[in-house]
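Residue-level listing of the chains:
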Amino acid sequence: MRIDVITLFPDFVRSCAAVGVVGRAQERELLSVTAWNPRDFATDSYRTVDGRTCGGGPGMVMLIAPTREAIVAARKAGSGSKSRTIYLSPQGSRLTQAKVAELAREDHLILLCGRYEGVDERLIAAEVDEEISIGDYVLSGGELGAAVLIDAIGRLQDGALNDAASAEQDSFSDGLLDCPHYARPMVDELGAVPDVLQSGNHAMIRRWRLKQSLGRTWLRRPDLLARRELGSQARTLLEEFRREWLAARAGDKPEA
Ligand code: 4GX
């Protein structure tokens, strides 16, 4: 997969994409991230990339011409494959793991990062296929959003994770939060690893993990459970978790 990023801070995007799982995916040629700077496409001697907002008021807007030339260059660089152009902005639809999985199947993405008050609306109308927001807060530019997308998409490329099963076990891949994880020592001054994980009974371990996932989702993200139909085993496990959790909470209360 090819990802081109249109940004006034190409070094930041390159360095984000150079580390960890995504950096390794690039080394394995599963993914290639290229950053393009509109400033390199500006034609005046000041290499201007922004202008005052029309109608007055504070703030600057990224100019059509140099930004568009950068997009055109990125499209040409991905010769042949049709590309999908995404603008990172708080006005976009909220990013989900389902959207990440969908984008991970594309051959060529172009990510447009706005600075200042954003990009001229006419460029968005003409060149952007879709607006995505990484969350309901305001960043100073789209680069962190692009980095989030590259990371989440990059790790889903076939061969990027050393253990392919780990992608399937992620939080959200099945709409539930992840279960707790432990490593040796089995007993530490901070406590012991739950007995079931030491039992070697893999059916029991699977059952315990699903129960923990359901319980944590119920406690921390009930909105995720509300959107989803639970099977009969899951309902039983969640009921068991709830009963134990309520009993433990009652036991903690001094007046109980
Ligand atoms: N998820 N930002 C874009 C420029 C801008 C300003 C106004 C459109 C209109 C963000 C987010 C985000 C800050 C990126 C403003 N664009 N990006 N930038 N939340 O906050 O993706």
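Residues numbered from 1 in each chain as written. Predicted model: local features only at pLDDT ≥ 70, side-chain atom pairs only at ≥ 80, totals over all residues. Heavy atoms only, no water.

In the nomenclature of an unreviewed UniProt entry, the chain corresponds to tRNA (guanine-N(1)-)-methyltransferase from the organism Tahibacter soli. Per its UniProt entry, the chain bears the Sequence similarities (unreviewed entry) comment "Belongs to the RNA methyltransferase TrmD family." The heading Subcellular location (unreviewed entry) in the UniProt record of the chain holds the text "Cytoplasm". (UniProt positions renumbered as here; feature names shortened; annotations may be inferred.)

*Asks:* Explain the pattern of salt bridges here, please?
*Replies:* Two side chains of opposite charge can pair, provided their charged atoms sit close to one another. The full count for this structure, using the stated rule, is 19 salt bridges. For Glu130, the salt bridge identified is with Lys99, shortest N-O distance 2.5 Å. Here Lys99 lies in helix 4 (residues 97–103) and Glu130 lies in strand 7 (residues 130–133), a separation of 31 residues in the sequence. Just as Glu130 is buried, Lys99 falls in that class too. A salt bridge links Lys211 to Glu240; the shortest N-O distance between them is 2.9 Å. Taken together, the positions of Lys211 in helix 8 (residues 202–220) and Glu240 in helix 10 (residues 232–252) put the pair 29 residues apart, joining distant regions of the chain. The residues Lys211 and Glu240 share a single accessibility class, namely buried. (Salt bridge = Lys/Arg side-chain N within 4 Å of Asp/Glu carboxyl O. Helix = DSSP H or I, 4+ residues; strand = E, 2+ residues; numbered from the N terminus. Buried < 20%, exposed > 50% of the residue type's maximum accessible area, 1.4 Å probe, protein only.)

*Asks:* What am I meant to see in the sheet that holds strand 1 (residues 2–6) here?
*Replies:* The pairing of strands in a sheet comes from backbone hydrogen bonds and takes either a parallel or an antiparallel form. Taken together, 5 strands build an open sheet; the order of strands is 2-1-6-5-7 and the sheet is parallel. Unpaired on one side and paired on the other, strand 2 (32–36) and strand 7 mark the two borders of the sheet. Averaged over all neighbouring strand pairs, the angle between strand axes comes to 35 degrees, with direction disregarded. Relative to strand 2, strand 1 is paired through 5 bridges, and the arrangement is parallel. The residue of strand 2 that forms the bridge with Ile6 is Trp36. On the sheet, helix 3 (residues 64–77) packs against strand 1, strand 2, strand 5 (84–94) and strand 6 (108–113) and is oriented at approximately 165 degrees with respect to strand 6. Most of the contacts of helix 6 (residues 143–154) go to strand 6, to which it runs at about 155 degrees, and overall it touches strand 1, strand 2, strand 5 and strand 6. (Pairing = 2+ DSSP bridges. Axes fitted to C-alpha atoms, helices over the stretch in contact; angles between N-to-C directions. Contact = heavy atoms within 4.5 Å.)

*Asks:* What's the story with the site of the ligand in this structure? I'm lost.
*Replies:* Around the ligand there are 17 residues in total, and Tyr87, Glu117, Ile134, Tyr137 and Leu139 lie nearest to it. With respect to the ligand, the backbone of Gly135 contributes an N or O atom lying 3.1 Å from a nitrogen atom. A distance of 2.9 Å separates an oxygen atom of the ligand from a polar backbone atom of Leu139. When the ligand is considered free in solution it has 460 Å² of accessible area, and contact with the protein chains removes 89% of it. (Near = heavy atom within 4 Å. Polar contact = N/O pair within 3.5 Å; in protein donor to acceptor, adjacent residues only side chain to side chain. Areas by Shrake-Rupley, 256 points an atom, 1.4 Å probe, with all protein chains shown as cover.)

*Asks:* So what exactly am I meant to see when it comes to the domain arrangement of the chain here?
*Replies:* Where the parts come together, the accessible area they lose is often given as the size of the interface. In terms of domains, the chain is made up of domain 1 (2–154) and domain 2 (170–252). The distance between the C-alpha centroids of domain 1 and domain 2 comes to 39 Å. (Domains from an automatic or database assignment.)

*Asks:* Is there a simple way to explain helix 6 in this structure?
*Replies:* Spacing of three or four residues puts side chains on the same side of an α-helix, whose turn is 3.6 residues. Here helix 6 is 12 residues long and its end C-alpha atoms lie 16 Å apart, about the 16 Å a rise of 1.5 Å per residue gives. The buried count for helix 6 comes to 9 of 12 residues, which makes it a mostly enclosed element. For helix 6, every residue scored as buried is listed here: Glu143, Gly145, Ala146, Ala147, Leu149, Ile150, Ala152, Ile153 and Gly154. (Expected span 1.5 Å × (residues − 1).)

*Asks:* Just checking my understanding: could you explain the UniProt feature "binding site: S-adenosyl-L-methionine" (unreviewed entry) in the chain for this structure?
*Replies:* Those places that UniProt annotates as "binding site: S-adenosyl-L-methionine" (unreviewed entry) correspond, in this numbering, to Gly114, Ile134, Gly135, Asp136, Tyr137, Val138 and Leu139. Owing to a relative accessible area of 9%, Gly114 belongs among the buried residues under this scheme. Dropping the residues within four chain positions of it, Gly114 is found in contact with Met62, Tyr87, Val119, Gly141, Gly142 and Glu143. Considering the arrangement of structural elements, one finds Asp136 in the loop between strand 7 and helix 6. With a relative accessible area of 66%, Asp136 lands in the exposed category.

*Asks:* Before we go on, may I ask you to explain the nonpolar core in this structure?
*Replies:* Looking at soluble globular proteins, one finds that nonpolar side chains tend to be buried together. Judged by nonpolar contacts, the single largest core of 25 residues is most densely connected at Ile3, Val5, Leu111, Ile150 and Ile153. When residues of this core are traced back to their parent elements, those giving at least two are strand 1, helix 2 (20–27), strand 5, helix 4, strand 6 and helix 6. For Leu111, the residues in contact, after removing those within four places along its chain, are Ile3, Asp4, Val5, Ile6, Ile86, Leu88, Ala146, Leu149 and Ile150. Among the nonpolar cores identified, the runner-up in size contains 16 residues, and Leu8, Ile71, Ile110 and Val119 belong to it. (Core = buried A, V, L, I, M, F, W, Y, C linked by side-chain atoms within 4.5 Å.)

*Asks:* Just to check I follow, could you spell out the packing of aromatic side chains for this structure?
*Replies:* Working definition: an aromatic ring pair is given by the centre-to-centre distance plus the angle between the planes. Inspection of the entire model under this criterion finds 3 aromatic pairs. Ring centres of Trp36 and Phe41 lie 6.5 Å apart, and the angle between their planes is 40 degrees; this geometry places the pair in the tilted category. Residue class for Phe41 comes out partly exposed when judged on its relative accessible area of 24%. Both rings, one in Trp218 and one in Phe241, keep their centres 6.4 Å apart while their planes meet at 80 degrees; by these two values the pair is edge-to-face. Residue Trp218 is located in helix 8, and its partner Phe241 is located in helix 10; the two are separated by 23 residues in the primary sequence. The rings of Trp218, Phe241 and Trp245 are connected pair by pair, giving a single aromatic cluster. (Phe/Tyr/Trp six-rings, centres within 6.5 Å; stacked < 30°, edge-to-face > 60°.)

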